[in-house]
Amino acid sequence: LPTKFGKFKLIGYKDTNTNEEHLAITKGKWKKDEAVLTRVHSSCFTGDILGSLKCDCGDQLTLALQKIEKEGKGIVLYMNQEGRGIGLMNKLKSYQLQENGLDTVEANLKLGFKMDERDYGVGAQILRDLGASKLKLLTNNPKKRTGLISYGIEIVENVPIIGEITDYNKKYLETKKQKMNHKL
């Protein structure tokens with residue numbers, strides 16, 4: 001797929017238990033024991049597609065593709081885990097609660113969810129299928145690192161991926177830093 005970031009190969013995956021579809025966006029080839037630059041990215045319709053300024057998701061996806069293009073090889077796993085795993089409709093409800101003063105974590109909890117519902121087991125299976133068991137992980141999220149390690153993926157380096165801080169996403173980023181221990 002030619003993109004404004006470079007040419008990438010797309011590989012679709014379907015979870016046989018949930019029927020959810022995930023996408024591996026890859027560039028180049030790597031050796032079996034090579035540490036591969038990788039972003040495990042949860043879908044964010046508002047940030048990735050609409051360019052929402054309330055989050056940093058679209059920026060992180062863009063930066064990951066740019067870094068992989070520059071490196072000449074790597075993986076973006078685009079996981080069907082909207083809203084930290086709560087789905088698009090619940091994410092919109094969470095946004096409404098945030099408009100009324102709650103932060104992103106408080107809103108998810110008020111809706112009856114954990115602050116983060118994602119699981120990285122399917123992502124780990126996809127990475128192994130792609131021949132990537134050692135990663136240079138593009139993330140600020142320590143839970144993502146821990147989640148992948150718990151499924152047997154080796155993380156040799158965390159590579160920060162920090163987008164633009166704006167008046168719109170400042171509270172969101174502060175919440176991720178203070179309540180979710182993101183390294184920002």
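See the structure shown above.
What you see is a predicted model; the values in this text were computed from it and never measured.

When you look at the layout of surface pockets in this model, what are you seeing that I'm missing?
Over the atoms rolls a probe the size of a water molecule, and in doing so it shows where empty space is left. There is about 530 Å³ of room inside the largest pocket. Cys55, Cys57, Arg84, Thr104 and Tyr172 are, among the 35 residues lining the largest pocket, the residues nearest its centre. Listed by contribution, the elements that provide at least two residues to the lining of the largest pocket are β5 (35–42), α2 (57–71), α3 (82–85), α4 (88–99), α5 (104–110) and α8 (170–180). Examining the composition of the lining of the largest pocket, we find that 5 residues originate from one element, α4, more than from any other. In this structure, the second largest pocket occupies an estimated 290 Å³ of space. Thr3, Phe5, Ile25, Leu61 and Leu65 are the residues nearest the centre of the second largest pocket, which is lined by 15 residues in total. Within the residue set of the lining of the second largest pocket, elements represented by two or more residues are β4 (21–27), α1 (45–49) and α2.

Could you clarify how one ought to interpret a nonpolar patch on the surface in this entry?
The grouping of Phe45, Ile49 and Leu50 at the surface amounts to a nonpolar patch, some 310 Å² of accessible area in total. Among the structural elements, Phe45 can be located in helix α1.

It is not clear to me how the nonpolar core should be interpreted in this structure. Could you clarify?
In globular proteins that are soluble, nonpolar side chains generally tend to be buried together. Ranked by size, the top nonpolar core spans 19 residues in total, and within it Val40, Ile75, Leu77, Leu127, Leu130, Leu135 and Leu148 carry the most contacts. If near-sequence neighbours (up to four positions away) are discounted, Leu130 is found in contact with Ile11, Tyr13, Ala24, Thr26, Trp30, Ile75 and Leu77. Core analysis: the next-biggest nonpolar cluster, separate from the first, contains 12 residues, Phe5, Phe8, Ala64 and Leu65 among them.

Can you walk me through the environment of Lys67 in this structure?
Looking at where Lys67 falls in the secondary structure, it is placed in helix α2. A sequence separation of 30 residues divides Lys67 from Leu37, and the C-alpha atoms of the two residues are 8.4 Å apart. In this structure Lys67 touches Leu37, Leu138 and Pro160, once residues within four positions along its chain are discounted.

Could you clarify how one ought to interpret α2 in this entry?
Since the α-helix packs 3.6 residues into each turn, any two residues three or four apart lie on the same face. Counted at 1.5 Å a residue, the expected span for α2 with its 15 residues is 21 Å, and the 21 Å between its end C-alpha atoms agrees. For α2, every residue scored as buried is listed here: Cys57, Gly58, Gln60, Leu61, Ala64, Leu65 and Ile68. In an axial view of α2, the angular spread of the buried residues amounts to 165°, which keeps them on one side of the axis. Buried residues along α2 sit in contact with β4, β5, α1, β6 (74–79), β7 (134–138) and α8.

Is there a simple way to explain the packing of aromatic side chains in this structure?
What characterises a pair of aromatic rings is the spacing of the ring centres plus the angle enclosed by the ring planes. Per the counting criterion, the structure on display carries 0 aromatic pairs. The lysine or arginine in question, Lys27, covers the ring of Phe8, its NZ or CZ lying 5.3 Å from the ring centre. Of note, Lys54 hangs over the ring of Tyr95, and the distance from its end group to the ring centre comes to 4.6 Å.

Just checking my understanding: could you explain the side chain of Thr38 for this structure?
For Thr38, the location among the structural elements is in strand β5. Accessibility expressed as a relative area gives 0% for Thr38, which makes it buried. A distance of 3.0 Å separates a polar side-chain atom of Thr38 from the backbone oxygen of Val36. Once residues lying within four places of it in the same chain are set aside, the contact partners of Thr38 are Ile75, Leu127, Leu135, Lys136, Leu137 and Leu138.

Each value, and the rule that gives it
Residues numbered from 1 in each chain as written. Predicted model: local features only at pLDDT ≥ 70, side-chain atom pairs only at ≥ 80, totals over all residues. Heavy atoms only, no water. 1 Å grid on protein atoms, 1.4 Å probe; cavity = no way out; pocket = protein on both sides within 12 Å on 5 of 7 lines; lining within 4 Å. Points joined across faces, edges and corners; volume = space filled by probe spheres on them. Helix = DSSP H or I, 4+ residues; strand = E, 2+ residues; numbered from the N terminus. Patch = residues over 30% accessible without salt bridge, like charges linked within 9 Å, V, L, I, M, F, W, Y side chains within 5 Å. Areas by Shrake-Rupley, 256 points an atom, 1.4 Å probe, with all protein chains shown as cover. Salt bridge = Lys/Arg side-chain N within 4 Å of Asp/Glu carboxyl O. Core = buried A, V, L, I, M, F, W, Y, C linked by side-chain atoms within 4.5 Å. Buried < 20%, exposed > 50% of the residue type's maximum accessible area, 1.4 Å probe, protein only. Contact = heavy atoms within 4.5 Å. Expected span 1.5 Å × (residues − 1). Arc of directions from axis to C-beta. Phe/Tyr/Trp six-rings, centres within 6.5 Å; stacked < 30°, edge-to-face > 60°. Lys NZ or Arg CZ within 6 Å of the ring centre and 35° of its normal. Polar contact = N/O pair within 3.5 Å; in protein donor to acceptor, adjacent residues only side chain to side chain.

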